[in-house]
Amino acid sequence: MGVPPATSALIIALQPLTVSFVAYFIFKKEINVNQWIGLFLGLLGVMLVVGEHASFNTKYLIGVLMSFLGLLGLTVGNLYQKTFCSSMNIFTGGAIQSMVAGLVCLVLTFFFEPFVVQWNGQFIFSLFWMSVVVSIGAISFLYILIRRGESHKVASLFYLIPAITAIIAYFVFHSTLNTMQIIGMFITMLGVALVNIKFKFLSFFHSKKITYH
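Residues numbered from 1 in each chain as written. Predicted model: local features only at pLDDT ≥ 70, side-chain atom pairs only at ≥ 80, totals over all residues. Heavy atoms only, no water.

A. Up close: the overall build of the chain. Along its length, the chain carries 10 helices and zero strands. Ordered by position from N to C terminus, the α and β elements of the chain give α-α-α-α-α-α-α-α-α-α. In the chain, buried positions account for 30% of the 213 residues. Working note: accessible area of the chain is about 14,400 Å², and carbon and sulfur atoms make up 74% of it. Taking the average location of the 11 positive side-chain charges in the chain and that of its 4 negative ones, the two points are 15 Å from each other. (Helix = DSSP H or I, 4+ residues; strand = E, 2+ residues; numbered from the N terminus. Buried < 20%, exposed > 50% of the residue type's maximum accessible area, 1.4 Å probe, protein only. Areas by Shrake-Rupley, 256 points an atom, 1.4 Å probe, with all protein chains shown as cover. Lys, Arg positive; Asp, Glu negative; His and termini not counted. Charge placed at Lys NZ, Arg CZ, Asp CG, Glu CD.)

B. Structural context of the packing of helix α2 (residues 15–25) against helix α3 (residues 33–50). Look at α2 against α3: their axes get within 10 Å of each other, and the N-to-C directions meet at 155°. Comparing the axis directions of α2 and α3 gives the class roughly antiparallel. Handedness of the crossing formed by α2 with α3: left-handed. Here P16, L17, S20, F21 and Y24 of α2 lie close against α3, whose contacting residues are W36, L39, F40 and L43. Taken together, the residues that form the contact of α2 with α3 break down as eight nonpolar, one polar and no charged. (Axes fitted to C-alpha atoms, helices over the stretch in contact; angles between N-to-C directions. Parallel < 35°, antiparallel > 145°, perpendicular 65-115°, else oblique. Left-handed = near helix turned anticlockwise from the far one by under 90°. Contact = heavy atoms within 4.5 Å. Nonpolar A, V, L, I, M, F, W, Y, C, P; charged D, E, K, R; others polar.)

C. Molecular detail of the side chain of N78. Within the secondary structure layout, N78 lies in helix α4 (residues 61–84). Those residues in contact with N78, other than ones at most four positions away along the chain, are Q15, V19, I146, S151, V154 and A155.

D. Focus on the side chain of T188. Position of T188 relative to the elements: it lies in helix α9 (residues 179–196). Within the local environment of T188, its side chain forms a polar contact with the backbone oxygen of G184, the two atoms lying 2.8 Å apart. The residues contacting T188, other than those within four sequence positions of it, are G42, G45, V46, Y159 and L160. (Polar contact = N/O pair within 3.5 Å; in protein donor to acceptor, adjacent residues only side chain to side chain.)

E. Here's a closer look at the state of the cysteines. Within this structure, the stated rule accounts for zero disulfides. Considering cysteine sulfurs only, C105 is the nearest to C85, which forms no disulfide, with 19 Å between them. (Disulfide = S-S within 2.5 Å.)

F. Representation of the packing of α2 against α4. The interhelical angle for the contact between α2 and α4, taken along N-to-C directions, is 45°, at an axis separation of 9 Å. Here α2 is positioned oblique relative to α4, judged by the angle of their axes. Read as a crossing pair, α2 and α4 show a hand that is right-handed. Between α2 and α4, the contacting residues are Q15, T18, V19, V22 and A23 on the first element and L71, L74, T75, N78 and L79 on the second. Grouping the constituent residues of the contact of α2 with α4 by class yields six nonpolar, four polar and no charged.

Below you can see the structure in the form of structure tokens.
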């Protein structure tokens, strides 16, 4: 619908924060100061990586709203999966979820797509990649992470997607990486590390007890 990929990436990059806010205020999950700092640093890093390519135009307002709908779906899905579906079988559960999503997409196709497919090598490779590598491989890993980790820690990994995409584009499509994007990548990695790794020199200040006599 005309939405620049960078704009969509920025919207979806809000997912770790939205998951964390809901987990903290509604489900009363413990998120320490270091992790909150990491979450905001991750968002800042994403903004530096894709920010210069992001733009907004009322012509694709519906597309932007649908990106926010995708953000809502990711947030609710992540928390629902963690709360109610952690013990499900990864492959059968994933197959059921993909089948339901496929039926929804099939209905929407009547309104948005012409039902025309050009069978060529690029399409077949893309179909294989999205079906096998993403829908089976990546989603299965996501389910495992949700089962074993905390929801805000898993969500923080989404910050890495724009940075990794930019790196792949650099090697595959010979795109350029400017200084601001490289700085953004390091800030993103630092933010994700703060969320997921317990640094001893930081945890010292939280565990230190002060007594008064």
